[in-house]
Amino acid sequence: MGNVINLNRFRKRAEREASAKQADANRAKFGRTKAERSAAEKRADQAKEHLDQHRIDREEQP
């Protein structure tokens, strides 16, 4: 007689491995490094400052 095995354990392990593989693919596809995020934020801040410097402030006339 063979050993009794729990098939749920193997099914769940396979699901976890497939999920981990999908997560790795998503990280490579969508993820950005901290340096990339901070550089993009810095560029956005500089662009906003540049636009604000060229803003014309008009006072409302009654």
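Position numbers for residues count from 1 along each chain, tracking the sequence in the order it is written. Note on the predicted model: pLDDT of at least 70 is required for a residue's local features to be given, and 80 or more for side-chain atom pairs to be given and counted; whole-chain, interface and lining totals, by contrast, use all residues. Derived side-chain values reflect all non-hydrogen atoms in the structure, with water molecules and hydrogen atoms excluded from consideration.

The name given to the chain in an unreviewed UniProt entry is DUF4169 family protein, with the source organism recorded as Bradyrhizobium zhanjiangense.

Here we take up the overall build of the chain. Helix numbers and strand numbers start at the N terminus; a helix is a DSSP run of H or I with at least 4 residues, a strand a run of E with at least 2. Across its full length, the chain holds 2 helices and 0 strands. The reference for a compact globule is 2.2 Å times residues^0.38; the radius of gyration itself is calculated from the C-alpha atoms. In terms of C-alpha radius of gyration, the chain reaches 27 Å, well past the compact-globule figure of 11 Å for 62 residues. When the backbone C-alpha atoms are referred to their principal axes, the chain occupies close to 95 × 30 × 15 Å. With 62 residues in all, the chain has 0% of them scored as buried. The Shrake-Rupley method, run with a 1.4 Å probe sphere, supplies the accessible areas, and residue values consider only the shown protein chains as cover. With the model as given, the accessible surface of the chain reaches about 6,700 Å², and the carbon-plus-sulfur share is 51%. Each residue is assigned to one of three classes by its accessible area relative to the maximum for its type, calculated with a 1.4 Å probe on protein chains only: buried under 20%, partly exposed between the two thresholds, exposed over 50%.

Our next topic: a nonpolar patch on the surface. Put simply, a patch holds well-exposed residues, over 30% relative accessible area, that have no salt bridge, with like charges counted together within 9 Å and Val, Leu, Ile, Met, Phe, Trp or Tyr side chains within 5 Å. The working definition used for a salt bridge is a side-chain nitrogen of Lys or Arg within 4 Å of a carboxyl oxygen of Asp or Glu. Where nonpolar side chains cluster on the molecular surface, the patch consists of Ile5, Leu7 and Phe10 and spans about 320 Å² of accessible area. Mapped onto the secondary structure, Phe10 falls in helix α1 (residues 7-30).

Relative to the elements of secondary structure, Ile5 occurs in the segment before α1. Placed 49 residues apart in sequence, Ile5 and His54 show a C-alpha to C-alpha distance of 72 Å.

All right, on to the environment of Ala40 then. Within the secondary structure, Ala40 sits in helix α2 (residues 34-53). Given a relative accessible area of 23%, Ala40 falls into the partly exposed group. Spatially, the C-alpha atom of Ala40 lies 36 Å from that of Glu15, the residues being 25 residues apart in sequence.

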